[in-house]
Amino acid sequence: MDGDFRTEFVRDPAGLKHFPALVLNADYRPLSYYPLSLWPWQDAVKAAWLDRVQIVSEYDEVVHSPSTVIRIPSVVVLKDYVRPQKRVAFTRFNLFLRDEFCCQYCGAKGDLTFDHVLPRARGGITSWTNVVAACSPCNLRKGSQVLRKSGLTLRRLPRQPQPSELQNVGRKFPPNHLHESWMDFLYWDAELDA
């Protein structure tokens, strides 16, 4: 044998984790843009084997079973349509996504927290219409004061977003890696430049 026999028989199981599949709804739109609807290659292969998805595009890489060789799917389409959510859950992540990951007082990006516009100490509730993303300096500056006494102003009034609004905001934050086979499906309904 050429080389060290120990390396000939050892496989890197993490080697194929870098081949996620973009999951599209039956209407050929991603289930979500942020986070982007991706499945590990194992789930995509399993769903294809169980005839739950149609494979639209594949990587050049293959996986082997004792009797079969399968190319790894890069884009799959669900055979059954999944209805989009009608209501957006009030979560920290969705709040930051609504506010485009920037402080609603000064516009800073980065390490964010959230702030009650009408402080809880003054009867404010934790809801879409009273909570905004804020950087720590602005949050500390405002403290438990009402907005007009703090000297701060809001860039946008807080409100409950529609699911489609969050999808559109999510498009502005693509993941670190976008495979070329995904491009036709990620922004296909975006307006074209003239």
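See above for the structure.
Since the structure is predicted, the reported quantities are computational estimates derived from the model, not experimental observations.

Caption draft 1: Local environment of the overall build of the chain. Assigned secondary structure in the chain consists of 7 helices and 6 strands. Mapped in sequence order, the helices and strands of the chain form the string α-β-β-α-β-β-α-β-β-α-α-α-α. Taken across its 194 residues, the chain has 36% of its residues classed as buried. Long-range contacts, defined as pairs at least 24 residues apart, comprise 61% of the intrachain contacts of the chain with a sequence gap of at least 6. Total accessible area computed for the chain in this model is approximately 12800 Å², and 53% of it derives from carbon and sulfur atoms.

Caption draft 2: Quick peek at the sheet that holds strand E4 (residues 69-78). The sheet built from 4 strands is open, its strands ordered E2-E1-E4-E3 with mixed pairing. Of all the strands in the sheet, the pair left with one neighbour each is strand E2 (38-39) and strand E3 (53-64). Note: strand E1 (residues 21-24) against E2, 2 bridges, orientation antiparallel. Within E2, the residue paired with alanine 21 across the bridge is tryptophan 39. In the packing of helix H2 (residues 41-49) onto the sheet, contacts are made with E1, E2, E3 and E4, and the angle to E4 comes to roughly 85°.

Caption draft 3: Expanded view of the state of the cysteines. For the structure on display, the rule yields 0 disulfides. Free of any disulfide, cysteine 103 has its nearest neighbouring cysteine sulfur in cysteine 135, separated by 3.8 Å. The exposure class assigned to cysteine 103 is buried, which follows from its relative accessible area of 0%. Looking at cysteine 135, the relative accessible area reads 7%, which means it is buried.

Caption draft 4: Up close: the environment of proline 163. Among the secondary structure elements, proline 163 is positioned in helix H6 (residues 163-170). Sequence-wise, proline 163 and lysine 86 are 77 residues apart; in three dimensions their C-alpha atoms are separated by 6.7 Å. Those residues in contact with proline 163 that lie beyond four places of it in its chain are Gln85, Lys86, Arg87 and Val88.

Caption draft 5: Spatial organisation of the packing of aromatic side chains. Scanning all chains against the criterion turns up 4 aromatic pairs. Considering the side-chain rings of phenylalanine 93 and phenylalanine 101, the 6.1 Å spacing of their centres and the 65° angle between planes classify their relative orientation as edge-to-face. By relative accessible area, which is 34% here, phenylalanine 93 ends up partly exposed.

Caption draft 6: Quick look at the pairing of E1. Neither face of E1 is left uncovered, since the one carrying Ala21 and Val23 and the one carrying Leu22 and Leu24 both have all their residues buried. Here E1 runs beside E4; their pairing, made up of 3 bridges, is parallel. Each bridged residue has a counterpart across the sheet, and for leucine 24 the counterpart in E4 is valine 77.

Caption draft 7: Geometry of the side chain of aspartate 99. Along the chain, the position of aspartate 99 falls in the loop between helix H3 (92-98) and strand E5 (112-116). The class of aspartate 99 is buried, set by a relative accessible area of 3%. Residue contacts for aspartate 99: discarding those within four places in its chain leaves Gln104, Val132, Ala133 and Arg156.

Caption draft 8: Spotlight on H2. Burial in H2 covers these residues: Trp41, Ala44, Val45 and Ala47. For H2, the angular spread of the buried residues around the axis is 165°, confining them to a single face. Across from the buried face of H2, at angles greater than 90 degrees, the exposed residues are Lys46 and Trp49. The inward-facing, buried residues of H2 abut E1, E2, E3 and E4. Aspartate 51 sits one or two positions beyond H2 and adopts a positive phi of about 60°.

Analysis parameters
- Residues numbered from 1 in each chain as written.
- Predicted model: local features only at pLDDT ≥ 70, side-chain atom pairs only at ≥ 80, totals over all residues.
- Heavy atoms only, no water.
- Helix = DSSP H or I, 4+ residues; strand = E, 2+ residues; numbered from the N terminus.
- Buried < 20%, exposed > 50% of the residue type's maximum accessible area, 1.4 Å probe, protein only.
- Contact = heavy atoms within 4.5 Å.
- Areas by Shrake-Rupley, 256 points an atom, 1.4 Å probe, with all protein chains shown as cover.
- Pairing = 2+ DSSP bridges.
- Axes fitted to C-alpha atoms, helices over the stretch in contact; angles between N-to-C directions.
- Disulfide = S-S within 2.5 Å.
- Phe/Tyr/Trp six-rings, centres within 6.5 Å; stacked < 30°, edge-to-face > 60°.
- Arc of directions from axis to C-beta.

By themselves, these are just geometric observations and shouldn't be taken as functional.
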